[in-house]
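# Structure at a glance
Next come the chains, spelled out residue by residue.
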Amino acid sequence: MCLAIPGQIIEILQERDNLALVDIVGVRRKIDVGLLSEEPAKPGDWVLIHVGFAMSRISEEDAREQMRLLKMMGEHAAAMEEITGYGLDDSVARGGP
Amino acid sequence: MKYVDEFRDPELIVGASREIRRLADPGRHYRFMEVCGGHTHAIYRFGLKDLLPENVELIHGPGCPVCVLPMGRIDDGLFMAAQPDVIFAAFGDMMRVPGATGSPLEHKARGRDIRIVYSPADALKLARANPDRHVMFFAIGFETTAPSTALTLLRVRAEGIRNFSVFSNHVTIIPAIRAILDSPDMRLDAFIGPGHVSTVIGCRPYEWIARNERKPIVVSGFEPLDILQSIVMILRQMKDGRAEVENQYARVVPWEGNRAALKAIGEVFELRPYFEWRGLGFISQSALRIRDSFAAWDAEKHFLTPGVRVTDPKASQCGEVLKGVLKPADCKLFGNECTPEHPIGALMVSSEGSCAAYFNYEHRKSELVTVSV
């Protein structure tokens, strides 16, 4: 939950407001960009993501360092689990307990 | 200096470590609190203690949301999970945190519908996919995660979704710092300020610490070099007789914070008159509850929450550890009854809890040494 995960905005989606397709170390997920203040998000921007929401813009270099930091802290697996978990698999969403 | 080889700039690390030794007056003892659990984790993981002189002590603060949540709130959430047709959705960090009647994971094993989500947006997605069920999202976290919960509730209201509610356990960091400073058994010289919370609240909310308490606070990044540089900045302030808010993490943290995030929080949440923190007791205006205008999605109103109050197991000393009065290993249960595999207190559950961090890096290290000897 407290992981800050770096990603790059690929495309601003039209299906609803403030939704963007974001590449996070090769995994593509729909991320909410409604909390990026000041200027609107655009393709190519690097962002830090908390619980599925982009919270701040960062430089490409800082994005790489953040990923490296997660690896060094042994949180890479947890980060990958969180990234792949974003958006829920629809079968998981509908399945019973 | 076990991990120095892994560091991006080993020579800068060694330089910062030397600078700390040069600045620290050998005739005095320094106690700096790192507020954020992410910093606590990094400090143990990178063995930063080995890079500091003996007289510079780091005290672990209350900035681990899972750790400060009183046990009764988990039982309240599990009471909601036991109601008909309810799906309980929470972050993975919550799953192994014990309530008086067991952890969410244990309740899942007993047949409750308990799901891990990685985002509040996904809890909402569960509600859309299951219109005949009620999805209760167990919201937790400081100002870093509160905006995401707020934005989700704004969306829920806009879409008119009825089968979704939020059990708000969001807390705010400033009142906790104030409570620690007011605590008579706490003696601190300065703070390493939280990084990601500050991306939301900015640096201004810390100004009273410098102005009124005359203590330096440096908002810090999470890399080893960031933390050491922050300690250098604190020691420089103390040497010059200054007490200021400084921002070491300016590459991510804007001085004014994130206005959109603060606006979302303000629209959806208001301060509770008081809230109980594990180990710190009741702290006034320290947590966020859902405003009346969003009452239809407030789980505490929807479920007539029992408001369970559970005292921690007598033998555990989570409170003293949380306040920094005791070191993790000084707790009677540490490493015996209470381990990351079988946690009794929440500090042992989260990787950001000081007990788990201490156990995983310091305690296991000493075990390995013992075995190899």
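Residues numbered from 1 in each chain as written. Chains lettered and ligands numbered in written order. Predicted model: local features only at pLDDT ≥ 70, side-chain atom pairs only at ≥ 80, totals over all residues. Heavy atoms only, no water.

## Concerning the state of the cysteines
Residues and elements named next belong to chain B.
- In this structure the tally under the stated criterion is one disulfide over all chains.
- Shown here is the disulfide that connects Cys64 with Cys67, its sulfur atoms set 2.3 Å apart. Between Cys64 and Cys67 the disulfide shows an S-S torsion of about 60°. By sign, it is right-handed. In this structure, Cys64 and Cys67 share a single accessibility class: buried.
- Left unpaired, Cys203 is separated from the closest cysteine sulfur, that of Cys36, by 14 Å. (Disulfide = S-S within 2.5 Å. Buried < 20%, exposed > 50% of the residue type's maximum accessible area, 1.4 Å probe, protein only.)

## Concerning the sheet that holds strand β4 (residues 114-116) of chain B
Residues and elements named next belong to chain B.
- Spatially, the four strands line up as an open sheet ordered β4-β3-β5-β6, and their pairing is parallel. Every other strand in the sheet has two partners, leaving β4 and β6 (164-170) as the edge strands with one partner each. Recorded for the sheet is a direction-independent mean angle of 25° between the axes of neighbouring strands.
- Two strands pair when backbone bridges link them, and strand β5 (residues 134-141) and β6 are joined in this way by seven bridges, in the parallel orientation. Along β6, the bridge assignment pairs Ala139 with Ser168. (Pairing = 2+ DSSP bridges. Helix = DSSP H or I, 4+ residues; strand = E, 2+ residues; numbered from the N terminus. Axes fitted to C-alpha atoms, helices over the stretch in contact; angles between N-to-C directions.)

## Observations regarding the confidence of the model for chain A
- In this model, chain A carries a mean pLDDT of 86, and residues with pLDDT of at least 70 account for 90%.
- A low-confidence stretch, residues 90-97 of chain A (pLDDT under 50), is modelled with 13 contacts involving residues beyond four sequence positions or located in other chains. (pLDDT = per-residue confidence, 0-100. Contact = heavy atoms within 4.5 Å.)

## As for helix α4 (residues 71-81) of chain B
- Across the eleven residues that make up α4 of chain B, a large majority, ten, are buried.
- What α4 of chain B keeps buried is the set Met71, Gly72, Arg73, Ile74, Asp75, Asp76, Gly77, Leu78, Met80 and Ala81 of chain B.

## Section: the interface of chain A and chain B
- Between chain A and chain B, the contact holds 41 residues from the first and 50 residues from the second.
- Of the roughly 3,700 Å² buried between chain A and chain B on both sides combined, carbon and sulfur atoms contribute 58%.
- When the area that chain A buries against chain B is broken down by residue, the three leading residues are Met1, Met72 and Met73 of chain A, summing to 19%.
- At the boundary of chain A and chain B, one finds two salt bridges.
- Arg251 of chain B is paired through a salt bridge with Asp62 of chain A; the nearest N and O atoms lie 3.5 Å apart.
- On the surface where chain A and chain B come into contact, there are nine residue pairs in polar contact (both at pLDDT 80 or more).
- Those elements giving two or more residues to the side of chain A that touches chain B turn out to be β4 (46-50), β5 (53-58), α1 (60-72), α2 (76-85) and α3 (90-94) of chain A.
- By residue number, the principal contributor to the side of chain A that touches chain B is α1 of chain A, which donates seven residues.
- For the side of chain A that touches chain B, the per-class residue count stands at 17 nonpolar, eleven polar and 13 charged. (Buried area = accessible area lost by both parts, 1.4 Å probe. Salt bridge = Lys/Arg side-chain N within 4 Å of Asp/Glu carboxyl O. Polar contact = N/O pair within 3.5 Å; in protein donor to acceptor, adjacent residues only side chain to side chain. Nonpolar A, V, L, I, M, F, W, Y, C, P; charged D, E, K, R; others polar.)

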